[in-house]
Amino acid sequence: MAKSINRKEILHQKTVVKFQNYYDRGDLPNAEKTAKKLLLEKPENSDYHENLAIISLKLGKVHDAISHATNALKLKKDRFQSWLILASGFNHLNMYSDAIIYSQEALKIDPNSIDANCELGIGLVGKQYFYESIEILKDFKNSANALFTCSRAYDGLAKYEDALNCIKGAIKLKPGSGLYYNMMGNILYNLGKKDESKNAFLKAIDKTPDDASVYWNLVRTSDVKSLNNDVIDKIKEKYIDNETDYDRKLLLGNCLARIFDQSKIYDLAFDCWSAVNKIQKNHYNYDIKRDQTLFTKFYSSFTSFSQNIDLPKNDYLNENNITPIFIIGMPRSGTSLIEQVLSSHSQVEGYGELEYINDSVKKDIIMADNNDLSNEERLINARVNYLENIKHRASNKLFFTDKMPSNFRFVGWIANAFPEAKIIHINRSPMAVCFSNFTNYFPANGMSWTCDLNDLADYYKLYKDLMDFYSTVFKDRILHVNYEEYTSNQREMTETILDYCGLEFQESCLEFHKNNRAMPTASHHQVTQPLYKGSSEKWKLYAEWLKPLEYKLKLHKLI
(Lines give C-alpha, C1' and ligand atoms only; values in the text may rest on other atoms or scores of the structure.)
Protein backbone atom coordinates (compact mmCIF):
# COMPACT_ATOMS: atom_id res chain seq x y z
CA MET A 1 0.00 0.00 0.00
CA ALA A 2 2.81 2.39 0.92
CA LYS A 3 4.57 1.70 -2.38
CA SER A 4 1.34 2.52 -4.26
CA ILE A 5 1.02 5.82 -2.43
CA ASN A 6 4.65 6.68 -3.10
CA ARG A 7 4.30 5.87 -6.79
CA LYS A 8 1.22 8.07 -7.03
CA GLU A 9 3.07 10.93 -5.38
CA ILE A 10 6.08 10.45 -7.63
CA LEU A 11 3.82 10.70 -10.71
CA HIS A 12 2.21 13.78 -9.23
CA GLN A 13 5.60 15.43 -8.68
CA LYS A 14 6.57 14.64 -12.27
CA THR A 15 3.44 16.50 -13.38
CA VAL A 16 4.50 19.40 -11.16
CA VAL A 17 7.88 19.51 -12.92
CA LYS A 18 6.18 19.26 -16.32
CA PHE A 19 3.90 22.16 -15.41
CA GLN A 20 6.84 24.29 -14.33
CA ASN A 21 8.72 23.55 -17.54
CA TYR A 22 5.73 24.50 -19.69
CA TYR A 23 5.21 27.70 -17.69
CA ASP A 24 8.89 28.70 -17.79
CA ARG A 25 8.96 28.19 -21.58
CA GLY A 26 5.86 30.35 -21.97
CA ASP A 27 3.79 27.43 -23.27
CA LEU A 28 0.67 28.57 -21.46
CA PRO A 29 -1.89 26.25 -23.14
CA ASN A 30 0.03 23.14 -22.01
CA ALA A 31 0.80 24.75 -18.65
CA GLU A 32 -2.96 25.25 -18.23
CA LYS A 33 -3.68 21.60 -19.06
CA THR A 34 -1.15 20.27 -16.55
CA ALA A 35 -2.30 22.77 -13.90
CA LYS A 36 -5.85 21.47 -14.29
CA LYS A 37 -4.58 17.90 -13.92
CA LEU A 38 -2.73 18.82 -10.72
CA LEU A 39 -5.83 20.52 -9.33
CA LEU A 40 -7.97 17.50 -10.16
CA GLU A 41 -5.58 15.34 -8.14
CA LYS A 42 -5.34 17.76 -5.21
CA PRO A 43 -8.36 20.11 -5.20
CA GLU A 44 -7.54 21.43 -1.71
CA ASN A 45 -4.18 22.79 -2.75
CA SER A 46 -4.47 26.59 -2.89
CA ASP A 47 -1.22 26.85 -4.86
CA TYR A 48 -2.79 24.97 -7.74
CA HIS A 49 -5.86 27.21 -7.78
CA GLU A 50 -3.60 30.25 -7.83
CA ASN A 51 -1.43 28.80 -10.62
CA LEU A 52 -4.51 28.38 -12.76
CA ALA A 53 -5.61 31.90 -11.92
CA ILE A 54 -2.26 33.30 -13.06
CA ILE A 55 -2.31 31.34 -16.32
CA SER A 56 -5.96 32.16 -17.03
CA LEU A 57 -5.27 35.87 -16.65
CA LYS A 58 -2.27 35.64 -18.97
CA LEU A 59 -4.44 33.82 -21.52
CA GLY A 60 -7.10 36.53 -21.29
CA LYS A 61 -9.60 34.24 -19.59
CA VAL A 62 -10.53 36.86 -17.05
CA HIS A 63 -13.63 35.19 -15.59
CA ASP A 64 -11.73 31.91 -15.14
CA ALA A 65 -8.88 33.79 -13.46
CA ILE A 66 -11.30 35.41 -11.01
CA SER A 67 -12.93 32.07 -10.24
CA HIS A 68 -9.61 30.30 -9.57
CA ALA A 69 -8.26 33.18 -7.46
CA THR A 70 -11.46 33.19 -5.41
CA ASN A 71 -11.11 29.45 -4.79
CA ALA A 72 -7.50 29.91 -3.72
CA LEU A 73 -8.53 32.57 -1.20
CA LYS A 74 -11.27 30.35 0.20
CA LEU A 75 -8.53 27.91 1.16
CA LYS A 76 -5.99 30.50 2.31
CA LYS A 77 -6.84 34.16 2.91
CA ASP A 78 -3.35 35.64 2.89
CA ARG A 79 -2.51 34.86 -0.73
CA PHE A 80 -1.14 38.13 -2.07
CA GLN A 81 -1.03 36.97 -5.68
CA SER A 82 -4.69 35.89 -5.64
CA TRP A 83 -5.85 39.26 -4.31
CA LEU A 84 -3.74 40.91 -7.02
CA ILE A 85 -5.30 38.71 -9.71
CA LEU A 86 -8.78 39.65 -8.52
CA ALA A 87 -7.84 43.33 -8.68
CA SER A 88 -6.41 42.95 -12.18
CA GLY A 89 -9.35 40.83 -13.35
CA PHE A 90 -11.96 43.31 -12.21
CA ASN A 91 -9.99 46.19 -13.72
CA HIS A 92 -10.06 44.27 -17.01
CA LEU A 93 -13.84 43.99 -16.68
CA ASN A 94 -14.14 47.74 -15.92
CA MET A 95 -15.56 46.85 -12.49
CA TYR A 96 -13.36 49.41 -10.82
CA SER A 97 -15.00 49.58 -7.39
CA ASP A 98 -14.32 45.87 -6.88
CA ALA A 99 -10.79 46.23 -8.27
CA ILE A 100 -10.05 48.97 -5.73
CA ILE A 101 -11.24 46.77 -2.85
CA TYR A 102 -9.10 43.80 -3.93
CA SER A 103 -6.06 46.02 -4.54
CA GLN A 104 -6.36 47.29 -0.99
CA GLU A 105 -6.52 43.69 0.29
CA ALA A 106 -3.28 42.91 -1.57
CA LEU A 107 -1.67 46.05 -0.15
CA LYS A 108 -2.51 44.92 3.39
CA ILE A 109 -0.15 42.00 2.76
CA ASP A 110 2.51 43.96 0.86
CA PRO A 111 2.08 47.75 1.14
CA ASN A 112 5.12 48.44 -1.03
CA SER A 113 4.10 46.27 -3.97
CA ILE A 114 4.37 48.24 -7.22
CA ASP A 115 1.94 45.86 -8.93
CA ALA A 116 -0.72 46.23 -6.23
CA ASN A 117 -0.33 50.02 -6.18
CA CYS A 118 -0.65 50.06 -9.97
CA GLU A 119 -3.86 48.02 -9.89
CA LEU A 120 -5.21 50.43 -7.28
CA GLY A 121 -4.18 53.34 -9.49
CA ILE A 122 -5.90 51.78 -12.50
CA GLY A 123 -9.10 51.30 -10.50
CA LEU A 124 -8.99 54.91 -9.32
CA VAL A 125 -8.53 56.16 -12.89
CA GLY A 126 -11.50 54.03 -13.92
CA LYS A 127 -13.59 55.76 -11.24
CA GLN A 128 -12.24 59.16 -12.40
CA TYR A 129 -10.26 59.70 -9.18
CA PHE A 130 -7.36 61.00 -11.24
CA TYR A 131 -5.52 63.02 -8.62
CA GLU A 132 -5.65 60.17 -6.11
CA SER A 133 -4.18 57.78 -8.66
CA ILE A 134 -1.32 60.15 -9.47
CA GLU A 135 -0.61 60.70 -5.77
CA ILE A 136 -0.31 56.93 -5.18
CA LEU A 137 1.92 56.26 -8.20
CA LYS A 138 4.03 59.41 -8.53
CA ASP A 139 7.03 57.94 -6.66
CA PHE A 140 7.27 54.77 -8.79
CA LYS A 141 9.34 56.49 -11.47
CA ASN A 142 11.09 53.27 -12.51
CA SER A 143 7.86 51.37 -13.15
CA ALA A 144 6.60 51.46 -16.72
CA ASN A 145 3.14 50.37 -15.57
CA ALA A 146 2.97 53.15 -12.97
CA LEU A 147 4.02 55.75 -15.54
CA PHE A 148 1.47 54.39 -18.01
CA THR A 149 -1.31 54.65 -15.42
CA CYS A 150 -0.23 58.19 -14.50
CA SER A 151 -0.37 59.11 -18.20
CA ARG A 152 -3.97 57.88 -18.28
CA ALA A 153 -4.78 59.96 -15.18
CA TYR A 154 -3.21 63.12 -16.63
CA ASP A 155 -5.02 62.45 -19.91
CA GLY A 156 -8.30 62.29 -17.99
CA LEU A 157 -7.47 65.66 -16.46
CA ALA A 158 -6.63 67.10 -19.91
CA LYS A 159 -3.05 67.68 -18.75
CA TYR A 160 -1.77 66.31 -22.02
CA GLU A 161 1.85 67.45 -21.78
CA ASP A 162 2.18 65.70 -18.40
CA ALA A 163 0.47 62.65 -19.89
CA LEU A 164 2.91 62.67 -22.81
CA ASN A 165 5.93 62.92 -20.52
CA CYS A 166 4.71 59.95 -18.49
CA ILE A 167 4.04 57.73 -21.49
CA LYS A 168 7.41 58.63 -22.99
CA GLY A 169 8.98 57.53 -19.72
CA ALA A 170 7.06 54.25 -19.85
CA ILE A 171 8.18 53.61 -23.43
CA LYS A 172 11.79 54.32 -22.49
CA LEU A 173 11.55 51.63 -19.81
CA LYS A 174 9.61 49.19 -22.00
CA PRO A 175 10.11 50.10 -25.68
CA GLY A 176 8.48 46.94 -27.03
CA SER A 177 5.00 47.72 -25.68
CA GLY A 178 2.34 48.34 -28.28
CA LEU A 179 -0.02 49.28 -25.43
CA TYR A 180 2.15 52.27 -24.56
CA TYR A 181 2.44 53.44 -28.18
CA ASN A 182 -1.35 53.15 -28.42
CA MET A 183 -1.70 55.44 -25.41
CA MET A 184 0.85 57.84 -26.89
CA GLY A 185 -1.20 57.97 -30.09
CA ASN A 186 -4.31 59.01 -28.16
CA ILE A 187 -2.46 61.71 -26.23
CA LEU A 188 -0.83 63.12 -29.36
CA TYR A 189 -4.23 63.21 -31.06
CA ASN A 190 -5.65 65.17 -28.12
CA LEU A 191 -2.73 67.58 -28.50
CA GLY A 192 -3.70 68.10 -32.14
CA LYS A 193 -0.55 66.38 -33.43
CA LYS A 194 -2.38 64.14 -35.88
CA ASP A 195 0.58 62.99 -37.99
CA GLU A 196 2.60 62.03 -34.90
CA SER A 197 -0.50 60.36 -33.49
CA LYS A 198 -0.93 58.25 -36.61
CA ASN A 199 2.72 57.20 -36.53
CA ALA A 200 2.36 56.13 -32.89
CA PHE A 201 -0.65 53.98 -33.73
CA LEU A 202 1.23 52.38 -36.64
CA LYS A 203 4.11 51.55 -34.27
CA ALA A 204 1.60 50.02 -31.87
CA ILE A 205 0.19 47.86 -34.68
CA ASP A 206 3.70 46.74 -35.59
CA LYS A 207 4.40 45.69 -32.00
CA THR A 208 0.97 44.23 -31.14
CA PRO A 209 -0.76 43.31 -34.42
CA ASP A 210 -3.55 41.44 -32.62
CA ASP A 211 -4.64 44.40 -30.47
CA ALA A 212 -7.90 45.50 -32.08
CA SER A 213 -8.08 48.68 -29.99
CA VAL A 214 -5.09 50.08 -31.90
CA TYR A 215 -6.85 49.60 -35.24
CA TRP A 216 -9.93 51.29 -33.82
CA ASN A 217 -7.96 54.27 -32.53
CA LEU A 218 -6.19 54.61 -35.87
CA VAL A 219 -9.43 54.45 -37.88
CA ARG A 220 -11.43 56.77 -35.61
CA THR A 221 -8.73 59.46 -35.72
CA SER A 222 -7.81 59.22 -39.40
CA ASP A 223 -9.19 60.02 -42.79
CA VAL A 224 -9.80 56.66 -44.44
CA LYS A 225 -8.11 57.88 -47.63
CA SER A 226 -4.86 58.22 -45.68
CA LEU A 227 -4.89 54.62 -44.47
CA ASN A 228 -2.56 52.09 -46.03
CA ASN A 229 -4.37 49.26 -47.87
CA ASP A 230 -2.32 46.74 -45.88
CA VAL A 231 -3.83 48.05 -42.65
CA ILE A 232 -7.37 47.85 -44.05
CA ASP A 233 -6.70 44.31 -45.31
CA LYS A 234 -5.47 43.30 -41.83
CA ILE A 235 -8.68 44.65 -40.29
CA LYS A 236 -10.82 42.68 -42.75
CA GLU A 237 -8.78 39.51 -42.28
CA LYS A 238 -8.95 39.62 -38.50
CA TYR A 239 -12.65 40.50 -38.48
CA ILE A 240 -13.70 37.41 -40.49
CA ASP A 241 -11.34 35.11 -38.58
CA ASN A 242 -13.46 32.66 -36.55
CA GLU A 243 -10.83 32.73 -33.79
CA THR A 244 -11.38 36.44 -33.17
CA ASP A 245 -12.95 36.90 -29.73
CA TYR A 246 -15.95 39.06 -28.80
CA ASP A 247 -14.16 42.28 -27.82
CA ARG A 248 -11.90 42.31 -30.86
CA LYS A 249 -14.80 41.45 -33.18
CA LEU A 250 -16.72 44.52 -31.98
CA LEU A 251 -13.78 46.87 -32.48
CA LEU A 252 -12.80 45.49 -35.88
CA GLY A 253 -16.41 45.48 -37.11
CA ASN A 254 -16.79 49.10 -36.11
CA CYS A 255 -13.51 49.87 -37.90
CA LEU A 256 -14.86 48.36 -41.10
CA ALA A 257 -18.19 50.15 -40.75
CA ARG A 258 -16.38 53.47 -40.42
CA ILE A 259 -14.14 52.67 -43.40
CA PHE A 260 -17.13 51.74 -45.60
CA ASP A 261 -19.07 54.79 -44.40
CA GLN A 262 -16.27 57.22 -45.27
CA SER A 263 -15.86 55.41 -48.60
CA LYS A 264 -19.59 55.94 -49.25
CA ILE A 265 -20.25 52.19 -49.50
CA TYR A 266 -23.35 52.59 -47.36
CA ASP A 267 -24.84 49.10 -47.69
CA LEU A 268 -21.66 47.42 -46.40
CA ALA A 269 -21.28 50.02 -43.64
CA PHE A 270 -24.80 49.34 -42.39
CA ASP A 271 -24.25 45.59 -42.63
CA CYS A 272 -21.19 45.89 -40.38
CA TRP A 273 -22.98 48.08 -37.83
CA SER A 274 -25.93 45.67 -37.77
CA ALA A 275 -23.66 42.65 -37.30
CA VAL A 276 -21.60 44.04 -34.41
CA ASN A 277 -24.67 45.50 -32.70
CA LYS A 278 -26.40 42.13 -32.84
CA ILE A 279 -23.33 40.47 -31.33
CA GLN A 280 -23.22 43.06 -28.54
CA LYS A 281 -26.93 42.84 -27.72
CA ASN A 282 -26.76 39.04 -27.52
CA HIS A 283 -23.60 39.18 -25.42
CA TYR A 284 -25.30 41.29 -22.75
CA ASN A 285 -28.70 39.62 -23.20
CA TYR A 286 -30.29 43.06 -23.27
CA ASP A 287 -34.03 43.36 -22.71
CA ILE A 288 -35.73 46.77 -22.98
CA LYS A 289 -38.20 45.68 -20.28
CA ARG A 290 -35.48 46.12 -17.65
CA ASP A 291 -35.15 49.81 -18.51
CA GLN A 292 -38.92 50.20 -18.67
CA THR A 293 -39.15 48.84 -15.12
CA LEU A 294 -36.35 51.14 -13.95
CA PHE A 295 -37.94 54.26 -15.46
CA THR A 296 -41.27 53.62 -13.72
CA LYS A 297 -39.52 54.18 -10.38
CA PHE A 298 -38.77 57.79 -11.24
CA TYR A 299 -42.33 58.98 -11.77
CA SER A 300 -43.71 58.30 -8.29
CA SER A 301 -40.55 59.55 -6.57
CA PHE A 302 -40.30 63.15 -7.74
CA THR A 303 -43.74 64.65 -8.06
CA SER A 304 -42.68 68.02 -6.63
CA PHE A 305 -39.64 70.15 -5.89
CA SER A 306 -38.55 69.66 -2.26
CA GLN A 307 -37.64 73.17 -1.10
CA ASN A 308 -37.28 72.46 2.59
CA ILE A 309 -34.45 69.91 2.57
CA ASP A 310 -31.87 70.69 5.23
CA LEU A 311 -28.86 70.59 2.91
CA PRO A 312 -25.32 71.19 4.25
CA LYS A 313 -24.61 74.91 4.58
CA ASN A 314 -20.81 74.89 4.45
CA ASP A 315 -19.92 72.40 1.76
CA TYR A 316 -17.62 72.83 -1.25
CA LEU A 317 -20.17 74.62 -3.45
CA ASN A 318 -21.43 77.04 -0.80
CA GLU A 319 -18.01 77.90 0.60
CA ASN A 320 -16.63 78.70 -2.85
CA ASN A 321 -19.80 80.11 -4.44
CA ILE A 322 -19.54 77.55 -7.25
CA THR A 323 -22.42 76.69 -9.59
CA PRO A 324 -22.68 73.27 -11.27
CA ILE A 325 -24.15 73.12 -14.79
CA PHE A 326 -25.60 69.72 -15.65
CA ILE A 327 -25.92 69.17 -19.41
CA ILE A 328 -28.24 66.28 -20.14
CA GLY A 329 -30.07 64.57 -22.98
CA MET A 330 -29.88 61.47 -25.10
CA PRO A 331 -26.31 60.43 -25.97
CA ARG A 332 -25.30 61.95 -29.33
CA SER A 333 -27.83 64.76 -28.92
CA GLY A 334 -25.33 67.62 -28.82
CA THR A 335 -24.33 67.70 -25.15
CA SER A 336 -20.64 67.81 -26.10
CA LEU A 337 -21.22 70.83 -28.32
CA ILE A 338 -23.00 72.81 -25.61
CA GLU A 339 -20.35 71.93 -23.04
CA GLN A 340 -17.66 73.07 -25.45
CA VAL A 341 -19.53 76.36 -25.90
CA LEU A 342 -19.84 76.90 -22.15
CA SER A 343 -16.30 75.82 -21.31
CA SER A 344 -15.03 78.42 -23.79
CA HIS A 345 -16.24 81.03 -21.27
CA SER A 346 -13.58 82.36 -18.91
CA GLN A 347 -15.65 81.49 -15.82
CA VAL A 348 -16.54 77.89 -16.74
CA GLU A 349 -14.51 74.71 -16.25
CA GLY A 350 -15.61 71.78 -18.41
CA TYR A 351 -15.35 68.45 -16.57
CA GLY A 352 -16.81 66.25 -19.29
CA GLU A 353 -18.78 63.08 -18.61
CA LEU A 354 -18.66 62.36 -14.88
CA GLU A 355 -19.93 59.13 -13.37
CA TYR A 356 -20.48 60.66 -9.95
CA ILE A 357 -24.24 61.26 -10.10
CA ASN A 358 -24.81 57.73 -11.36
CA ASP A 359 -22.58 56.32 -8.59
CA SER A 360 -24.33 58.45 -5.96
CA VAL A 361 -27.86 57.33 -6.74
CA LYS A 362 -27.46 53.86 -8.28
CA LYS A 363 -27.56 52.05 -4.96
CA ASP A 364 -30.62 54.05 -3.94
CA ILE A 365 -32.45 52.97 -7.08
CA ILE A 366 -31.58 49.33 -6.55
CA MET A 367 -32.30 49.22 -2.82
CA ALA A 368 -35.14 51.67 -2.25
CA ASP A 369 -38.83 50.96 -2.41
CA ASN A 370 -40.58 52.52 -5.39
CA ASN A 371 -41.89 55.44 -3.34
CA ASP A 372 -38.79 55.99 -1.27
CA LEU A 373 -36.26 57.37 -3.74
CA SER A 374 -36.63 61.05 -2.92
CA ASN A 375 -36.38 61.08 0.87
CA GLU A 376 -34.20 63.74 2.44
CA GLU A 377 -31.42 61.43 3.63
CA ARG A 378 -30.90 59.97 0.18
CA LEU A 379 -30.80 63.40 -1.45
CA ILE A 380 -28.29 64.71 1.08
CA ASN A 381 -26.13 61.62 0.56
CA ALA A 382 -26.25 62.13 -3.20
CA ARG A 383 -25.00 65.71 -2.76
CA VAL A 384 -22.29 64.81 -0.24
CA ASN A 385 -20.96 61.89 -2.31
CA TYR A 386 -20.92 63.95 -5.50
CA LEU A 387 -19.10 66.90 -3.92
CA GLU A 388 -16.57 64.59 -2.26
CA ASN A 389 -15.45 63.66 -5.76
CA ILE A 390 -15.79 67.09 -7.35
CA LYS A 391 -13.69 68.97 -4.82
CA HIS A 392 -10.59 67.04 -5.92
CA ARG A 393 -10.98 68.65 -9.35
CA ALA A 394 -11.02 72.15 -7.87
CA SER A 395 -10.27 75.05 -10.22
CA ASN A 396 -10.41 78.82 -9.77
CA LYS A 397 -13.55 79.15 -11.89
CA LEU A 398 -17.02 79.79 -10.47
CA PHE A 399 -18.90 77.37 -12.75
CA PHE A 400 -18.26 73.81 -13.88
CA THR A 401 -20.06 71.54 -16.32
CA ASP A 402 -21.00 67.90 -15.93
CA LYS A 403 -22.18 66.68 -19.32
CA MET A 404 -23.02 63.05 -18.65
CA PRO A 405 -26.00 62.71 -21.05
CA SER A 406 -27.67 59.85 -19.20
CA ASN A 407 -28.06 62.05 -16.12
CA PHE A 408 -31.40 62.98 -17.70
CA ARG A 409 -32.70 59.98 -15.76
CA PHE A 410 -31.71 61.63 -12.49
CA VAL A 411 -33.12 65.14 -12.86
CA GLY A 412 -35.17 64.51 -9.71
CA TRP A 413 -32.04 64.00 -7.63
CA ILE A 414 -30.17 66.86 -9.30
CA ALA A 415 -32.95 69.44 -8.95
CA ASN A 416 -33.56 68.62 -5.29
CA ALA A 417 -30.03 67.91 -4.07
CA PHE A 418 -28.45 70.84 -5.97
CA PRO A 419 -30.83 73.81 -5.75
CA GLU A 420 -28.05 76.11 -7.02
CA ALA A 421 -27.43 73.98 -10.13
CA LYS A 422 -28.33 74.87 -13.70
CA ILE A 423 -29.83 72.06 -15.80
CA ILE A 424 -29.59 72.29 -19.58
CA HIS A 425 -31.47 69.68 -21.57
CA ILE A 426 -30.39 69.17 -25.19
CA ASN A 427 -32.95 67.62 -27.56
CA ARG A 428 -32.38 66.63 -31.16
CA SER A 429 -34.23 65.05 -34.07
CA PRO A 430 -35.21 61.49 -33.01
CA MET A 431 -34.05 59.94 -36.29
CA ALA A 432 -30.70 61.72 -36.08
CA VAL A 433 -30.13 60.75 -32.44
CA CYS A 434 -31.14 57.12 -32.86
CA PHE A 435 -29.09 56.69 -36.04
CA SER A 436 -26.03 58.24 -34.39
CA ASN A 437 -26.34 55.95 -31.37
CA PHE A 438 -26.77 52.88 -33.58
CA THR A 439 -23.64 53.70 -35.58
CA ASN A 440 -21.31 54.65 -32.71
CA TYR A 441 -19.26 52.20 -30.69
CA PHE A 442 -20.25 52.07 -27.01
CA PRO A 443 -18.47 49.23 -25.18
CA ALA A 444 -20.40 49.64 -21.92
CA ASN A 445 -23.18 47.26 -20.93
CA GLY A 446 -25.40 50.18 -19.95
CA MET A 447 -25.58 51.31 -23.58
CA SER A 448 -26.92 48.03 -24.99
CA TRP A 449 -30.21 49.70 -25.91
CA THR A 450 -28.30 51.32 -28.81
CA CYS A 451 -27.76 47.93 -30.49
CA ASP A 452 -31.22 47.38 -31.97
CA LEU A 453 -33.41 49.76 -33.98
CA ASN A 454 -36.61 48.76 -32.16
CA ASP A 455 -34.92 49.12 -28.75
CA LEU A 456 -33.63 52.54 -29.79
CA ALA A 457 -37.12 53.77 -30.62
CA ASP A 458 -38.52 52.36 -27.37
CA TYR A 459 -35.70 53.89 -25.33
CA TYR A 460 -36.17 57.26 -27.00
CA LYS A 461 -39.83 57.06 -25.97
CA LEU A 462 -38.78 56.35 -22.36
CA TYR A 463 -36.42 59.34 -22.46
CA LYS A 464 -38.99 61.69 -24.03
CA ASP A 465 -41.77 60.77 -21.59
CA LEU A 466 -39.48 61.11 -18.58
CA MET A 467 -38.17 64.50 -19.69
CA ASP A 468 -41.75 65.69 -20.31
CA PHE A 469 -42.55 64.60 -16.76
CA TYR A 470 -39.52 66.33 -15.23
CA SER A 471 -40.25 69.47 -17.27
CA THR A 472 -43.74 69.62 -15.78
CA VAL A 473 -42.48 69.08 -12.22
CA PHE A 474 -39.42 71.31 -12.29
CA LYS A 475 -40.57 73.84 -14.90
CA ASP A 476 -38.10 76.74 -15.26
CA ARG A 477 -35.36 74.86 -13.42
CA ILE A 478 -34.57 73.25 -16.79
CA LEU A 479 -33.48 75.08 -19.94
CA HIS A 480 -34.41 73.16 -23.10
CA VAL A 481 -32.12 73.66 -26.09
CA ASN A 482 -32.87 72.20 -29.50
CA TYR A 483 -29.73 71.10 -31.32
CA GLU A 484 -30.97 71.91 -34.82
CA GLU A 485 -32.15 75.33 -33.68
CA TYR A 486 -28.77 76.01 -32.08
CA THR A 487 -26.87 75.20 -35.26
CA SER A 488 -29.18 77.50 -37.25
CA ASN A 489 -29.20 80.39 -34.77
CA GLN A 490 -25.90 80.15 -32.92
CA ARG A 491 -25.48 83.64 -31.48
CA GLU A 492 -29.01 84.10 -30.13
CA MET A 493 -29.11 80.59 -28.64
CA THR A 494 -25.66 81.06 -27.07
CA GLU A 495 -26.87 84.29 -25.47
CA THR A 496 -29.93 82.47 -24.12
CA ILE A 497 -27.80 79.70 -22.60
CA LEU A 498 -25.34 82.11 -20.99
CA ASP A 499 -28.14 84.28 -19.64
CA TYR A 500 -29.84 81.25 -18.08
CA CYS A 501 -26.58 80.30 -16.37
CA GLY A 502 -26.00 83.83 -15.08
CA LEU A 503 -22.97 84.38 -17.29
CA GLU A 504 -22.07 87.45 -19.32
CA PHE A 505 -21.77 86.97 -23.07
CA GLN A 506 -18.25 86.35 -24.40
CA GLU A 507 -17.32 86.07 -28.08
CA SER A 508 -15.10 83.10 -27.25
CA CYS A 509 -18.24 81.01 -26.81
CA LEU A 510 -19.00 81.44 -30.51
CA GLU A 511 -15.49 80.23 -31.36
CA PHE A 512 -15.76 77.08 -29.26
CA HIS A 513 -13.81 75.06 -31.86
CA LYS A 514 -10.66 76.93 -30.82
CA ASN A 515 -11.02 75.60 -27.27
CA ASN A 516 -8.31 72.95 -26.74
CA ARG A 517 -9.78 71.41 -23.59
CA ALA A 518 -10.25 67.66 -23.16
CA MET A 519 -12.98 66.00 -25.16
CA PRO A 520 -12.54 62.22 -24.80
CA THR A 521 -15.89 61.34 -26.36
CA ALA A 522 -17.17 60.28 -29.76
CA SER A 523 -17.83 63.99 -30.43
CA HIS A 524 -14.19 65.09 -30.19
CA HIS A 525 -13.78 65.76 -33.91
CA GLN A 526 -17.08 67.62 -34.32
CA VAL A 527 -16.57 70.08 -31.48
CA THR A 528 -13.06 71.01 -32.58
CA GLN A 529 -14.43 72.13 -35.96
CA PRO A 530 -16.53 75.23 -36.80
CA LEU A 531 -20.28 74.77 -36.39
CA TYR A 532 -21.76 72.42 -39.00
CA LYS A 533 -25.47 72.61 -39.77
CA GLY A 534 -26.08 69.37 -41.66
CA SER A 535 -25.12 66.68 -39.16
CA SER A 536 -28.75 65.83 -38.34
CA GLU A 537 -29.35 64.91 -41.98
CA LYS A 538 -26.78 62.13 -42.32
CA TRP A 539 -29.27 59.42 -41.40
CA LYS A 540 -31.03 60.07 -44.72
CA LEU A 541 -28.10 58.41 -46.51
CA TYR A 542 -29.21 55.21 -44.76
CA ALA A 543 -32.97 55.81 -44.95
CA GLU A 544 -33.77 52.55 -46.75
CA TRP A 545 -32.20 50.50 -43.94
CA LEU A 546 -33.75 52.60 -41.17
CA LYS A 547 -37.39 51.97 -42.05
CA PRO A 548 -38.00 49.78 -38.92
CA LEU A 549 -36.72 52.64 -36.74
CA GLU A 550 -38.82 55.23 -38.58
CA TYR A 551 -41.93 53.04 -38.31
CA LYS A 552 -41.47 52.52 -34.55
CA LEU A 553 -40.86 56.21 -33.88
CA LYS A 554 -44.02 57.06 -35.81
CA LEU A 555 -45.90 54.44 -33.80
CA HIS A 556 -44.74 56.21 -30.64
CA LYS A 557 -45.83 59.56 -32.19
CA LEU A 558 -42.29 60.90 -31.89
CA ILE A 559 -41.99 61.93 -35.53
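Draft legend 1. Representation of the pattern of salt bridges. In the structure shown here, the tally under the stated rule is 23 salt bridges. With its nearest N and O atoms 4.0 Å apart, the salt bridge here joins Lys 36 to Glu 32. Of the two residues, Lys 36 and Glu 32 both sit in helix H2 (residues 28-41), four residues apart, roughly one turn of that helix. For Glu 32, a relative accessible area of 9% gives the class buried.

Draft legend 2. Broad picture of the nonpolar core. Counting residues in each nonpolar core, the largest one holds 144 residues, and the members touching the most others are Leu 342, Tyr 386 and Tyr 470. Sorting elements by how many residues they give to this core places helix H24 (residues 453-474) first, with 13 residues. Residues within four places of Tyr 386 in sequence aside, it is in contact with Phe 326, Leu 354, Tyr 356, Ile 357, Ser 360, Phe 400, Asp 402 and Phe 418. Core analysis: the second largest hydrophobic core is formed by 20 residues, Ala 65, Phe 90, Ala 116 and Leu 120 among them.

Draft legend 3. Fine view of helix H23 (residues 430-438). Within H23, nine of the nine residues are buried, which leaves it mostly tucked inside the rest of the structure. Of the positions making up H23, those classed as buried are Pro 430, Met 431, Ala 432, Val 433, Cys 434, Phe 435, Ser 436, Asn 437 and Phe 438. Residues of H23 that are buried make contact with helix H16 (266-284), H24 and helix H28 (547-555).

Draft legend 4. Representation of the packing of aromatic side chains. Across all of its chains, the model carries 32 aromatic pairs by this definition. Measuring from ring centre to ring centre gives 5.2 Å for Tyr 386 and Phe 418, while their planes differ by 70 degrees; the resulting arrangement is edge-to-face. Within this pair, whereas Tyr 386 is found in helix H21 (residues 376-390), its partner Phe 418 is found in the loop between helix H22 (411-417) and strand S4 (422-427), the two being separated by 32 residues in sequence. Residue Tyr 386 shares its accessibility class with Phe 418, and that shared class is buried. Here a set of aromatic residues connected by ring pairs shows up, and it is made of Phe 295, Phe 298, Phe 408, Phe 410, Trp 413, Trp 449, Tyr 459, Tyr 460 and Tyr 463. Above the face of the Tyr 239 ring, Lys 249 is positioned so that its terminal group lies 5.1 Å from the ring centre. One cation-aromatic arrangement involves Lys 422 over Tyr 500; the distance from NZ or CZ to the ring centre is 5.4 Å.

Thresholds, definitions, all that
- Residues numbered from 1 in each chain as written.
- Predicted model: local features only at pLDDT ≥ 70, side-chain atom pairs only at ≥ 80, totals over all residues.
- Heavy atoms only, no water.
- Salt bridge = Lys/Arg side-chain N within 4 Å of Asp/Glu carboxyl O.
- Helix = DSSP H or I, 4+ residues; strand = E, 2+ residues; numbered from the N terminus.
- Buried < 20%, exposed > 50% of the residue type's maximum accessible area, 1.4 Å probe, protein only.
- Core = buried A, V, L, I, M, F, W, Y, C linked by side-chain atoms within 4.5 Å.
- Contact = heavy atoms within 4.5 Å.
- Phe/Tyr/Trp six-rings, centres within 6.5 Å; stacked < 30°, edge-to-face > 60°.
- Lys NZ or Arg CZ within 6 Å of the ring centre and 35° of its normal.

In short, the description is geometric, and any link to function would need to be established separately.
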